[in-house]
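Summary of structural features
One letter stands for each residue in the lines below.
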Amino acid sequence: DEADNDPAKKVYKFLKGLLKEWEAELEARPSSVANSVAGRNESKTLKQCKDYIRPLFKQLKRRKLEAGMQAHLTKIVEFAQQGEFVKAHDAYMDVAIGRAAWPIGVTMVGIHARSGRAKIESANVAHVMNSELQRKYLTSVKRLLSYAQKKRPDVDPSKKVL
């Protein structure tokens, strides 16, 4: 169908489908399960997931999602559809924290400041966890990935992220 050549639609349909499936699954639980602490927490998680992912759905519908982000999400969705959850998780990590070096530890050794120091301190790190909105919807994408993985008993455990 036309979703195959329209990445925005493909991502939207896949994530929206998972959300609906998850919701239906929670609806179908017996009230004893739904009212248990774990059941209520799962319901809360779903609700938060829906709230957080809404801006992403809006951007996808309006075709306003930044190209790089869309490419990453398309990759994540394609891997998840193929049951390649390890690859999907790697793609998620790519978009979430990127491949840039993360300076950790001692920054001033000796009397000379490192030349890369200025770059590190500047706030213009180009990755998405700095944007609250993106951070929130990516968290939801990750939750849906975990859910999708749980729903696929046909997928070999070696292709899953545990």
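Keep in mind that this is a model prediction, so the values were computed, not measured. Within every chain, residues take consecutive numbers counted from 1 along the sequence as written. Predicted model: local features are reported for residues with pLDDT of at least 70 only, side-chain atom pairs are reported and counted for 80 or more only, and whole-chain, interface and lining totals are derived from all residues. Only hydrogens and water are set aside when side-chain values are computed; all heavy atoms of the structure are taken into account.

So, the overall build of the chain
Stated precisely, the cut-off is as follows: Strands are runs of DSSP state E lasting at least 2 residues, helices are runs of H or I lasting at least 4, and numbering of each runs from the N terminus. Under the scheme applied here, a residue whose accessible area is under 20% of the maximum for its type counts as buried, over 50% as exposed, and between as partly exposed, the area being computed with a 1.4 Å probe on protein chains only. Note on contacts: a residue pair qualifies if any of its non-hydrogen atoms lie within 4.5 Å across the two residues. Every accessible area reported is derived by Shrake-Rupley at a probe size of 1.4 Å, with residue values counting cover from the shown protein chains alone.
Across its full length, the chain holds 7 helices and 0 strands. Secondary structure elements in the chain, listed N-terminal to C-terminal, are α-α-α-α-α-α-α. Within the chain, the proportion of its 162 residues that are buried is 35%. Within the chain, residue pairs in contact and separated by at least 24 positions form 71% of the contacts whose partners lie at least 6 positions apart. On the chain, roughly 10100 Å² of surface is accessible, and the fraction owed to carbon and sulfur atoms is 56%.

Focus on empty space enclosed by the protein
With a probe scaled to a water molecule rolled over the atoms, the places where space remains empty come into view. Stated formally: Put plainly, a pocket is an open set of points on a 1 Å grid over the protein atoms alone with protein on both sides within 12 Å along at least five of seven lines, a cavity is a set where a 1.4 Å probe fits but cannot get out, and a lining residue has an atom within 4 Å of a point. Grid points are joined across faces, edges and corners, and a volume is the space filled by probe spheres set on the points. Only Asp, Glu, Lys and Arg are considered charged in this grouping, and only Ala, Val, Leu, Ile, Met, Phe, Trp, Tyr, Cys and Pro are considered nonpolar; every other residue, Gly among them, is considered polar.
Applying the stated criterion across every chain yields a total of 1 cavity of 30 Å³ or more. Every residue lining the largest cavity is listed: Phe-14, Leu-15, Leu-18, Ile-76, Val-77, Val-141, Leu-144 and Leu-145. Looking at the lining of the largest cavity, the elements with two or more residues in it are α1 (7-27), α4 (67-82) and α7 (132-150). Broken down by class, the residue content of the lining of the largest cavity amounts to 8 nonpolar, no polar and no charged.

Some words on the nonpolar core
Using the following cut-off: The set of buried Ala, Val, Leu, Ile, Met, Phe, Trp, Tyr and Cys residues whose side-chain atoms join them within 4.5 Å is what this entry labels a nonpolar core.
Among the nonpolar cores identified, the biggest contains 35 residues, and Leu-15, Ile-53, Leu-56 and Leu-73 are the most heavily contacted of them. Among the secondary structure elements, those contributing two or more residues to this core are α1, α3 (37-61), α4, α5 (85-97) and α7. Leave out the neighbours within four places in its chain, and Ile-53 touches Leu-15, Leu-19, Tyr-137, Ser-140, Val-141 and Leu-144.

Some thoughts on the packing of aromatic side chains
Spelled out, the test is: For this analysis, a ring pair means two rings from Phe, Tyr or Trp (six-membered ring only for Trp) whose centres lie within 6.5 Å, classed as stacked if their planes differ by under 30 degrees, edge-to-face if by over 60, and tilted for the remaining angles. Ring-over charges, as used throughout, are those where CZ of Arg or NZ of Lys falls within 6 Å of the ring centre and within 35 degrees of the ring normal.
For the structure on display, the rule yields 2 aromatic pairs. Pairing Trp-22 with Tyr-147 gives two aromatic rings, centres 5.5 Å apart and planes at 20°, and the pair type is stacked. Of the two residues, Trp-22 is situated in helix α1 and Tyr-147 in helix α7; the sequence distance between them amounts to 125 residues. Judged on exposure class, the residue Trp-22 and its partner Tyr-147 are both buried. Geometry around Tyr-92 places Lys-142 over its ring, the cationic atom sitting 5.9 Å from the centre.

Regarding the layout of surface pockets
If you add up the space inside the second largest pocket, you get close to 160 Å³. If you go around the second largest pocket, the residues you meet are Tyr-12, Lys-16, Leu-19, Lys-20, Glu-23, Lys-50, Ile-53, Arg-54, Phe-57, Lys-58 and Lys-61. Residue assignment for the lining of the second largest pocket shows that the elements contributing at least two residues are α1 and α3. No other element matches α3, which puts 6 residues into the lining of the second largest pocket.

Brief notes about the packing of α4 against α7
The condition that has to hold: Where helices are involved, their axes are fitted lines through C-alpha atoms of the stretch in contact, as for all axes, and angles between N-to-C directions lie from 0 to 180°. Working rule for angles: under 35 degrees goes down as roughly parallel, over 145 as roughly antiparallel, 65 to 115 as roughly perpendicular, anything else as oblique.
Their axes nearest at 11 Å, the elements α4 and α7 cross at an angle of 10°. It follows that α4 is roughly parallel to α7 by the angle criterion. For the pair α4 and α7, the contacting residues are Met-69, Leu-73, Ile-76 and Ala-80 in the first and Gln-134, Tyr-137, Leu-138, Val-141 and Leu-145 in the second. Residues belonging to the contact of α4 with α7 are distributed by class as follows: 8 nonpolar, 1 polar and no charged.

Considerations on α1
Quick note on the threshold: Expected span of a helix: the number of residues minus one, times 1.5 Å.
With 21 residues, α1 extends 30 Å from end C-alpha to end C-alpha; this agrees with the ideal 30 Å at 1.5 Å per step. Inspection of α1 places Ala-8, Lys-10, Val-11, Tyr-12, Phe-14, Leu-15, Leu-18, Leu-19, Trp-22 and Leu-26 among the buried residues, and these make up the whole buried set. Buried residues belonging to α1 abut α3, α4 and α7.

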